[in-house]
Amino acid sequence: MRYQAREVGVDGRVRLVLEGALTARDRVGVQDFVLLENFNSEAAFIENLRRRFTENLIYTYMGSVLVSVNPYKDLEIYSPQHMERYRGVSYYEISPHIYALSDNTYRAMKTSRRDQCILISGESGAGKTEASKKILLYYAVSCPAHQRMASLRDCLLQSTPVLEAFGNAKTLRNDNSSRFGKYMDIQFDFRGVPVGAHILNYLLEKSRVVHQNHGERNYHVFYQLLEGGTEEQLLHLHLDRNPQKYLYLVKGNCPRVSSMNDKNGWKALVKALSVIGFTEGEVQELLDVIGSVLHLGNTQFGEEEDGQTYVTTEMELKTLTQLLGVDGAALTEALTHKKLTANGEEMISPLTFEQAGAARDALAQAVYGRTFTWLVEKINQSLALQPLPLWWHGSSVIGLLDIYGFEVFQHNSFEQFCINYCSEKLQQLFIELTLRSEQEEYETEGVAWEPVQYFDNKVICDLIEEKHKGIISILDEECVRPGEACDLSFLEKLEDTLGGHAHFVTHKLANGKTRRVLGREEFRLLHYAGEVNYTVMCQSTNHIVEHCFRRGELVDQKRPEMAATQFKNSLTKLMETLMSKEPSYVRCIKPNDAKQPGRFDEVLVRHQVKYLGLMENLRVRRAGFAYRRHFEAFLQRYKPLCPETWPVWQGELAEGVSTLVQYLGYKPEEYKMGRYLVLSEYPVPEEIGVIQAAWRGMKARRRARRRRDAADLIRRLIKGFIHRHEEYGPDNDYFLDHVRCSFLKTLRRNLPRSVLDKSWPTPPPALTQASEELRQLNMRNMVRKFCLAILPEWRKQMDQKVVASELFRGQKDSYPPSVAALFLGTRLGDEHINLKVVQTLGSEKYGVSVIKYDRRGFKPRPRQLLLTGSAIILVEKTKIKQRIDYDALRGISVSRLSDGILVLHVLCEDNKQKADLVLLCDHVIEVVTKVAMMANKVDQVNVSQGSIRFSAARSKEGVVDFTRGPELKVAKGKLNTKH
């Protein structure tokens, strides 16, 4: 039996709808193209799109594919409330939305632990960039967060204005058209928290830097700089605010766009660069490159009588050397001469006037293109995954591909060829992954899979990329063959190699009708989306560009890959990346070329439906059983329709589903029972009126019951509050239990997080004693955790700091500045100590440089003070001058001032020690602390409030007096040493 989709009519009739709690507005047309009655009809497909677009329903499902139509206006469907509405909800339960696809992809990544990807495609102006922004915003707002999440989220969101400024431009079809392809990997940890990201860019349209069609602009950043840059910035760059003064900005004759504010764009760009982490120096160098491109465009050439080309704009050349930081003579030679290498010999020959202009443009394109690549690499550094602990594992990835759609212009160049080649590969991937996904689901459910007939565009991909015989290989060979390559020779080579191919046509090979629309220097490819005529793309490689950048490229004798081969290789890697992930799709459609809201151009939409392969995908999806639900969800949803399953089914789920579908009258060929899913050709019909009436009645009864329960609860709480000071009993038990439970919940949310946090929620009177016991238990637990978490080296550091605090806190002026500085294991490495001394003492020691004052004359002598496990060693270069065993050390004296004087008092009975040591050290707090601890003399440290007495030579006594002064000076007095 079949069920038709009908709308709600004025006569009260209802149409049969897909499940879900949807409003009547959401039910315009069908939400899922899979449920179209006439799924083979392109007209029915487009009519469904039009009806939903008219009601501002821009999203429609096609199985796992989301079809999005650009509304060309702001819709109030992207608020945080909408994000919350779609979070964690089954894909088909509410109306289609890009948030639903984003959330479904995220949940699939978390549950299956498999990498996912979202492929966004469509032509320029269809809303691809906006779609990717919405997906990024959803993940930034709705995903769990941690301490780095805020910084990563900001960098992730702020990367968009930077890439748009340098990679987007106004075209005839779109005021903010992305002129490059972008693939972004978002890394998630095992909890689903975003922890990093990485961006790959593809095929920046570098030709736009030097040429724009009428009505188009160069990249946004040039106009933003001229409009929003400060006077100081423009003066440094030697730029004027008028874009008409720059050759690279006037060719499109469109310096301003009504829908864009370049000054605001500049402010957003500067802010984004700062957030991402660009330094002021990097920003300035970036602006220097942008300014240099404009000055390159204004660089002009003249031609002498002998044909020699020279630069006529010396000021521009001088500015270029300043901004690019290159030698002026070398730049002049690079612009006016070419260097050829043959058989190991270099030959330099002048360029013609036309060649010099082409060399200048090629240099400008290369400078801008490589700057864009550097910019992406810099953004990737800010988004990079931070080093994680060893226990941090199980990370997954969601890839986001925002790439060009199929393009057909009046004149289609090399870049359109690459773009359409990319579209062919993506279409091949799209069909392959869709069929694979379908087949895997059928096999999982144990349902027989029947092969589906579809157009396989592998033949077109092979035509372009096949080794030795494909267009790209032929183009490479033609570019490097001896002699001057030309369009005609390339076209002849194509005709000789591909002349019999069904998808390749030239003027020579075409019939009479085709020849009238196909130029002699064009060839036609029959893509899956339609026919495209390309101008011949054979362009000689520009050696100036090869020699302008990395020095390694100057000495590398290998022939660099051609642009087409580079693009093919990067595209192959992208396909491998996408094949390793579970895909979801967003197909973007532009409703009209005028960018007007509410206008739906059927001819334009039909063309896009064709080249996006939507009808092809729909036929694949509908070839089997289009409607699928898990047993439990199916039974829960539809059990009211069958007396045997209502209100509760007691048996196995599969038996309940089988009973239900048989009662509904499904024929055996119209459904299959899998292992976990029921698969059918059509959705289950609903008797909407009866079900809605029963549902409204049940909801009303539930509301009434909730009100009664709420009133009873309020009465019990009020009564308990009145009797709260009485003994626990029937009158106050509920209230007191509630108060205790609330306090414990509050306590759980507000427990102190560290041993220094002394906060504690105020308990109710009945829980005062219990609260105090819990507070003490919590404190002991935090102290225990804190102590267990301290590493051995930090425990040692803390022990030393505690001793230093006991000795010097409030006693010595130099102690406060020393608190923040760590005590080091040694301040002299083995390389600073004589090898002989090291071999004598071993490697386990603390060392520091000191000044020792002689016993006679108190002359300063540089020494090394070494602390071993048993003694203090004083070393002069290669000689051990003195050894003081810790047992012979009777005390240590320092002053209360901020000086570094310390006196080591030794036992007079020790014949080895002639007198006390008077030392000067820059790290007196650290040294005294270590000596006191290692010698176990903490109690013998004296912080003198006045002078320090010490034993000098020949049993004499010396005194060190201290006076305050602006700088440290040590002088010998008549009877003592003054400091």
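Each value, and the rule that gives it
Residues numbered from 1 in each chain as written. Predicted model: local features only at pLDDT ≥ 70, side-chain atom pairs only at ≥ 80, totals over all residues. Heavy atoms only, no water. UniProt positions renumbered as here; feature names shortened; annotations may be inferred. Helix = DSSP H or I, 4+ residues; strand = E, 2+ residues; numbered from the N terminus. Buried < 20%, exposed > 50% of the residue type's maximum accessible area, 1.4 Å probe, protein only. Contact = heavy atoms within 4.5 Å. Areas by Shrake-Rupley, 256 points an atom, 1.4 Å probe, with all protein chains shown as cover. Phe/Tyr/Trp six-rings, centres within 6.5 Å; stacked < 30°, edge-to-face > 60°. Pairing = 2+ DSSP bridges. Axes fitted to C-alpha atoms, helices over the stretch in contact; angles between N-to-C directions. Parallel < 35°, antiparallel > 145°, perpendicular 65-115°, else oblique. Left-handed = near helix turned anticlockwise from the far one by under 90°. Nonpolar A, V, L, I, M, F, W, Y, C, P; charged D, E, K, R; others polar. Expected span 1.5 Å × (residues − 1). Arc of directions from axis to C-beta. Polar contact = N/O pair within 3.5 Å; in protein donor to acceptor, adjacent residues only side chain to side chain. Core = buried A, V, L, I, M, F, W, Y, C linked by side-chain atoms within 4.5 Å. Patch = residues over 30% accessible without salt bridge, like charges linked within 9 Å, V, L, I, M, F, W, Y side chains within 5 Å. Salt bridge = Lys/Arg side-chain N within 4 Å of Asp/Glu carboxyl O. Lys, Arg positive; Asp, Glu negative; His and termini not counted. Charge placed at Lys NZ, Arg CZ, Asp CG, Glu CD.

Within an unreviewed UniProt entry, the label attached to the protein reads Unconventional myosin-Ic-like, and the organism entered is Gadus morhua. One UniProt comment on the protein, placed under Sequence similarities (unreviewed entry), says "Belongs to the TRAFAC class myosin-kinesin ATPase superfamily. Myosin family."

**Student:** Sorry if this is basic, but what is going on with the overall build of the protein here?
**Tutor:** Along the backbone of the protein there are 32 helices and 31 strands. Taken over 979 residues, the protein has a buried fraction of 49%. In the protein, of all internal contacts separated by at least 6 residues, the share reaching a separation of at least 24 is 62%. Counting every atom, the protein has about 50,400 Å² of accessible surface; 52% of that belongs to carbon and sulfur.

**Student:** Looking at this model, I keep getting lost on the packing of aromatic side chains. Mind explaining?
**Tutor:** Each aromatic ring pair is summarised here by two numbers: the centre-to-centre distance and the angle between the ring planes. Applying the stated rule across the entire model yields 16 aromatic pairs. With 5.7 Å between their ring centres and 45° between their planes, Phe53 and Phe600 make a pair best called tilted. In this pair, Phe53 sits in helix α1 (residues 42–54) while Phe600 sits in the loop between β16 (582–589) and α22 (602–611), placing the two residues 547 residues apart along the sequence. A relative accessible area of 17% means that Phe600 is categorised as buried. A ring pair is formed by Phe278 and Trp374, whose centres lie 5.8 Å apart and whose planes are at 75°; its orientation type is edge-to-face. Of this pair, Phe278 sits in the loop between α9 (262–276) and α10 (280–297) while Trp374 sits in helix α13 (residues 353–383), placing them 96 residues apart in sequence. For Phe278, a relative accessible area of 7% puts it in the buried group. Connected via pairs of aromatic rings, a cluster forms that spans Tyr78, Tyr99, Tyr106, Tyr138, Tyr139 and Phe188.

**Student:** How should the sheet that holds strand β13 (residues 504–506) be read in this particular structure?
**Tutor:** Two modes of strand pairing occur in sheets, parallel and antiparallel, and in both the strands are linked by backbone hydrogen bonds. Overall, antiparallel pairing links the 3 strands, which are arranged β13-β14-β15 in an open sheet. If you trace the sheet from one side to the other, it starts and ends with β13 and β15 (530–535), each paired once. Averaged over all neighbouring strand pairs, the angle between strand axes comes to 25°, with direction disregarded. Taken together, the 3 bridges between β13 and strand β14 (residues 522–527) define a ladder with antiparallel strand orientation. Note on β14: the bridge partner recorded for Val505 is Arg524. Against the sheet, helix α15 (residues 458–465) makes contact with β13 and β14, and its axis sits at roughly 150° relative to β14, the strand it touches most.

**Student:** Which parts of the structure should I look at to understand the packing of α10 against α13?
**Tutor:** A pair of packed helices is captured by two measures, namely the crossing angle of their axes and the spacing between those axes. At their nearest, the axes of α10 and α13 sit 9 Å apart, and the two run at 160° to each other. With respect to α13, the axis of α10 lies roughly antiparallel. Remark: the crossing between α10 and α13 carries left-handed chirality. Between α10 and α13, the contacting residues are Glu282, Leu286, Val289, Ile290, Ser292, Val293, Leu296 and Gly297 on the first element and Arg360, Leu363, Ala364, Val367, Tyr368, Thr371, Trp374, Leu375 and Lys378 on the second. Residues belonging to the contact of α10 with α13 are distributed by class as follows: 11 nonpolar, 3 polar and 3 charged.

**Student:** Any chance you could explain α1 here in plain terms?
**Tutor:** At 3.6 residues per turn, the α-helix brings residues three or four places apart onto the same side. Across its 13 residues, α1 extends 18 Å between first and last C-alpha, which sits within 8% of the 18 Å expected from 1.5 Å per residue. Within α1 the residues assigned to the buried category are Phe45, Ile46, Asn48, Leu49, Arg52 and Phe53. With its buried residues spanning 155° around the axis, α1 presents them on a single face. Pointing more than 90 degrees away from the buried face of α1 are the exposed residues Ala43 and Thr54. Elements that come into contact with the buried residues of α1 comprise β1 (59–62), β2 (65–69), β16, α22 and α23 (614–622). The N-terminus of α1 is capped by Ser41, whose side-chain oxygen sits 3.4 Å from the backbone nitrogen of Ala43. Asn56 occupies a position one or two residues after α1 and carries a positive phi of about 60°.

**Student:** Any chance you could explain the nonpolar core here in plain terms?
**Tutor:** Counting residues in each nonpolar core, the largest one holds 87 residues, and the members touching the most others are Tyr139, Val162, Phe166, Phe222 and Tyr368. Here Phe222 is in contact with Leu249, Ile290, Val293, Leu294 and Tyr368, once residues within four sequence places are set aside. By size, the runner-up hydrophobic cluster in this structure holds 68 residues, among which are Val34, Leu49, Ile431 and Ile589.

**Student:** I would appreciate a short explanation of the UniProt feature "binding site: ATP" (unreviewed entry) in the protein in the present structure.
**Tutor:** Mapped onto this numbering, the UniProt entry gives "binding site: ATP" (unreviewed entry) at Gly122, Glu123, Ser124, Gly125, Ala126, Gly127, Lys128 and Thr129. With respect to the helices and strands, Glu123 occurs in the loop between β3 (116–121) and α4 (128–142). The exposure class assigned to Glu123 is buried, which follows from its relative accessible area of 2%. Apart from residues lying up to four places away in sequence, Glu123 is in contact with Lys128, Arg173, Gly405, Phe406, Cys588, Lys590, Asp593, Leu604, Gln608 and Tyr611. Inspection of the secondary structure puts Lys128 in helix α4. For Lys128, a relative accessible area of 12% corresponds to the buried category. Non-local contacts of Lys128, meaning those with residues more than four positions away in its chain, are made with Ile120, Ser121, Gly122, Glu123, Asp402, Ile403, Tyr404, Gly405 and Cys588. A distance of 2.9 Å separates a polar atom in the side chain of Lys128 from the backbone oxygen of Gly122.

**Student:** Just to check I follow, could you spell out α10 for this structure?
**Tutor:** Helix length check: α10 (18 residues) gives 26 Å between terminal C-alpha atoms against 26 Å at 1.5 Å per residue, within 8%. For α10, the tally of buried residues reaches 13 of 18 residues, placing the bulk of the element in the interior.

**Student:** Just checking my understanding: could you explain the side chain of Thr868 for this structure?
**Tutor:** Relative to the assigned elements, Thr868 resides in the loop between β21 (860–867) and β22 (871–876). The residues touching Thr868, leaving out its near neighbours within four places in the chain, are Glu844, Lys845, Ile873, Tyr886 and Met934.

**Student:** Would you mind going over the sheet that holds β3 with me for this structure?
**Tutor:** Judged by pairing direction, the sheet is mixed, and its 7 strands sit side by side in the order β1-β2-β16-β3-β12-β6-β7 without closing on themselves. At either margin of the open sheet sits one strand with a lone partner, and together these are β1 and β7 (194–202). Direction aside, the axes of adjacent strands within the sheet are offset by 15° on average. Bridge count for β2 against β16 is 5 bridges, and the pairing is parallel. By the bridge assignment, Leu66 is partnered in β16 with Val586.

**Student:** Quick question: what am I supposed to make of a negative patch on the surface here?
**Tutor:** Residues Glu303, Glu304, Glu305, Asp306 and Glu354 make up a contiguous surface patch of negative charge. Among the secondary structure elements, Glu304 is positioned in the loop between β8 (301–303) and β9 (309–311).

**Student:** Even after reading the chapter, I still don't get the side chain of Ser177, so can you show me in this structure?
**Tutor:** Among the structural elements, Ser177 can be located in strand β5 (residues 177–178). Judged by relative accessible area, Ser177 falls into the buried class, the value being 1%. A polar side-chain atom of Ser177 sits 2.8 Å from a polar atom in the side chain of Arg179. Residues in contact with Ser177, not counting those within four places in the same chain, are Ser124, Gly167, Asn168, Ala169 and Thr171.

**Student:** What's the story with the pattern of salt bridges in this structure? I'm lost.
**Tutor:** When charged atoms on two side chains of opposite charge get close, those side chains can pair. Within the structure shown, the criterion is met by 42 salt bridges. Across the salt bridge formed by Glu282 and Lys378, the nearest N and O atoms sit 3.1 Å from each other. Here the residue Glu282 occupies a position in helix α10, and Lys378 occupies one in helix α13, the gap between them amounting to 96 residues. Lys378 matches Glu282 in its accessibility class, with the two residues each being buried. Among the salt bridges present, the one from Glu876 reaches Lys881, with a minimum N-O distance of 3.6 Å. The exposure class assigned to Lys881 is partly exposed, which follows from its relative accessible area of 40%. Taken together, the salt bridges that share partners define one network made up of Glu130, Lys133, Lys134 and Glu164.

**Student:** Just to check I follow, could you spell out the environment of Glu465 for this structure?
**Tutor:** Structurally, Glu465 can be placed in helix α15. Since its relative accessible area comes to 16%, Glu465 is described here as buried. Between the C-alpha atoms of Glu465 and Ala564, which are 99 residues apart in sequence, the distance is 9.6 Å. Not counting residues up to four positions away in its chain, the partners in contact with Glu465 are Tyr421, Lys425 and Lys568. Among the polar contacts made by the side chain of Glu465, one reaches the side chain of Lys425 at a distance of 3.2 Å.

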